[in-house]
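Here are the chains, one letter per residue:
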Amino acid sequence: VKIATTYRCLDAVVEIETSDPVLAALIDELFGVMAVSDPPTVRCALVEQARTYVIAVDGDSVVTTDSPAYAFAHLMWEVNRAAIAATTTDLLLHAAAATHDRGAVLVGGTSGSGKSTLVAALVGSGLGYVTDDVLPVDGLGRVVPYPKPIGLGEDAASLFATLRALRPEYRPYMGEEWFVAPAMLGGTYGRVTPLTLVVLPRYEPGAATSVTAMSRAEALVALAGGSFNFARLGNDAFARVAVLLGESECYRIVGSDVDEMVTFVLSALSSEREEIA
Amino acid sequence: VTAGEAAGLTHARPSPRDGLAAVRLDDEVVLYDEETATLHHLNAAATMVWERCDGRRTLQSIAIGIARDTGAALEVVQADVEDVVGRLVGAGLLVVDGDDDGVN
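Residues numbered from 1 in each chain as written. Chains lettered and ligands numbered in written order. Predicted model: local features only at pLDDT ≥ 70, side-chain atom pairs only at ≥ 80, totals over all residues. Heavy atoms only, no water.

### Let's talk about the pattern of salt bridges
The criterion, for reference: The rule for a salt bridge is simple: a side-chain nitrogen of Lys or Arg has to be within 4 Å of a carboxyl oxygen of Asp or Glu. The way it works is that DSSP assigns letters per residue, a run of H or I at least four long becomes a helix, a run of E at least two long becomes a strand, and they are numbered from the N terminus. Each residue gets one of three labels from its accessible area relative to the maximum for its type: buried under 20%, exposed over 50%, partly exposed in between, using a 1.4 Å probe on protein chains only.
A full pass over the atoms with the stated rule returns 19 salt bridges over all chains. When the shortest N-O distance is used, the salt bridge between Asp132(A) and Lys148(A) registers 2.8 Å. With a gap of 16 residues between them, Asp132(A) in the loop between strand S10 (128–131) and strand S11 (135–137) and Lys148(A) in the loop between S11 and strand S12 (150–153) connect regions that are remote in the sequence. Comparing Asp132(A) with Lys148(A), the two get one shared label, buried. We note a salt bridge from Asp69(B) to Arg68(B), for which the minimum N-O separation is 3.7 Å. What you see here is one network of salt bridges that share partners, running through Arg216(A), Glu247(A) and Asp26(B).

Have a look at this one:
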């Protein structure tokens, strides 16, 4: 049995095919919001044959493994790679984002800085999910949702009580990295919202939470420097980031307690500010 | 000896190099050099200097203007302006016309 569904991932229309109905259900939970009926521009498949998992892209086998979790993580990587490669018009920042009725918060930073963990915690606290790693910015300097699955390290995933109730059949596909949808965190999806807050977290084990204000110019340099396609878009990308930042407040947050970071973000988004450092 | 003095810029009239995009955010400027795909962040002090480098003003007139606007001592500002301009010229962000008076 082969189950295939197509999803619009940025400018790519990705067909994801699997032979496992359980995996098909998981993929539907993760990607369903992006489902389309358009013809695919790229085909990705994860097929099990005698406990061997084969990942194929456009018919070419790219990975063979006996680990379903590794196979699934690689499938997620291939889908995201295809999405980024196909996108020519939107600027793609290396950032996460979530929305609130007072505006959107952009969570920037390098890999391992805690972007996904913080955005997952924000979604679990009621903010709308936009993206966890690749943030599109359109020609008008607006954030465009790319609600790819939220990738959490195993340790980070253990912080979320709702994930303990994840369907047991999904567990073989969750290894060192877990891929989750907002609903699995008790949250929902966000929509296009003006940016009001930029935070650059840095996870430091054992560190007390500290917050430092950052100028918008400093934030522009940090965000542009981490973009996937800034150099290709050139001056246009430069202008977009400046428009995106608008009147946003920008902060660096260092710490080890994601709940304290969430508290700061929520207070910064509210009218009555509450400084924690 | 400041970087500006060392570069013989005291009487120069620096201007932005062609091909740079600039955006001001609050009191700071970010420059983007599309040719090299590099970003340059100028702090508030450097921005005050940058925005006066229009190819018409000498470093001395730039320093006088900043000293007047900020109330800082002229001799201190003069040294800072020469230092900032020297750095920006060194980074290829400002150019000094070879015909300018006083340029070595």
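Moving on from the coordinates now.
### What to know about a negative patch on the surface
Counted only if it meets this: Candidates for patches are residues over 30% relative accessible area with no salt bridge; among them, like charges are joined within 9 Å and nonpolar side chains (Val, Leu, Ile, Met, Phe, Trp, Tyr) within 5 Å. All accessibility values rest on the Shrake-Rupley procedure with a 1.4 Å probe; residue burial counts only the protein chains present in the view. Only four residue types enter the charge count: Lys and Arg as positive, Asp and Glu as negative, with His and the chain ends excluded. A charged residue contributes its charge at one atom only: NZ of Lys, CZ of Arg, CG of Asp or CD of Glu.
On the surface, Glu154(A), Asp155(A), Glu176(A) and Glu177(A) cluster together into a negatively charged patch. Tracing the chain through its elements places Asp155(A) in helix H4 (residues 154–157).

### Quick notes on the packing of helix H1 (residues 21–31) of chain A against helix H2 (residues 68–86) of chain A
All names here are of chain A. The condition that has to hold: Simply put, an axis is a line fit to the C-alpha atoms, just over the touching stretch for a helix, and the angle between two N-to-C directions goes from 0 to 180 degrees. Angles are sorted into four bins: roughly parallel if under 35 degrees, roughly antiparallel if over 145, roughly perpendicular if 65 to 115, and oblique for all others. For any pair of crossing helices, the crossing counts as left-handed if the nearer helix is rotated counterclockwise from the farther one by less than a right angle, and right-handed if it is rotated clockwise. Contacts are assigned to residue pairs that have any heavy atoms within 4.5 Å of one another. Gly counts as polar in this scheme, as do all residues outside two lists: the nonpolar Ala, Val, Leu, Ile, Met, Phe, Trp, Tyr, Cys and Pro, and the charged Asp, Glu, Lys and Arg.
The contact between H1 and H2 brings their axes to 13 Å, and the two run at 40°. By the angle class used here, H1 and H2 are oblique. In this structure, the crossing between H1 and H2 has a hand that is right-handed. Facing H1, whose interface residues are Leu23, Leu26, Ile27, Leu30 and Phe31, H2 presents Phe72, Leu75, Met76 and Val79. In terms of residue class, the contact of H1 with H2 is made up of nine nonpolar, no polar and no charged.

### Re the confidence of the model for chain B
Residue and element names in this part refer to chain B. To be explicit about the condition: The pLDDT value expresses, per residue, how confident the predictor is, ranging between 0 and 100.
For chain B, the mean per-residue pLDDT works out to 88, and 85% of the residues sit at or above 70. For chain B, the element scoring lowest by mean pLDDT is helix H1 (residues 3–6), at 58; helix H2 (residues 44–50) scores highest, at 97. A low-confidence stretch, residues 99–104 (pLDDT under 50), is modelled with 12 contacts involving residues beyond four sequence positions or located in other chains. For this predicted complex, the interface score ipTM comes out at 0.82, alongside a pTM of 0.90.

### As for the packing of aromatic side chains
Residue and element names in this part refer to chain A. Our working definition: Pairing of aromatic rings covers Phe, Tyr and Trp, the last counted by its six-membered ring, and requires centre-to-centre distances within 6.5 Å; plane angles under 30 degrees mean stacked, over 60 mean edge-to-face, and any other angle means tilted.
All chains considered together, the criterion is met by seven aromatic pairs over all chains. Considering the side-chain rings of Tyr251 and Phe264, the 5.0 Å spacing of their centres and the 80° angle between planes classify their relative orientation as edge-to-face. Here Tyr251, found in strand S17 (residues 249–255), pairs with Phe264, found in helix H8 (residues 258–269); they are 13 residues apart in sequence, far enough to count as distant. By the burial criterion, Tyr251 is buried, and Phe264 matches it. Here the aromatic cluster, defined as three or more aromatic residues joined through ring pairs, consists of Phe72, Tyr173 and Phe179.

### Observations regarding helix H4 (residues 74–90) of chain B
Residues and elements named next belong to chain B. Inclusion rule: To estimate how far a helix should extend, the number of its residues minus one is multiplied by 1.5 Å.
For H4, spanning 17 residues, the distance from its first C-alpha to its last is 24 Å, which sits close to the expected 24 Å at 1.5 Å a residue. What H4 keeps buried is the set Val77, Gln78, Val81, Glu82, Val84, Val85, Gly86 and Leu88. Remark: Gly92 follows H4 within two positions and exhibits a positive phi of approximately 80°.

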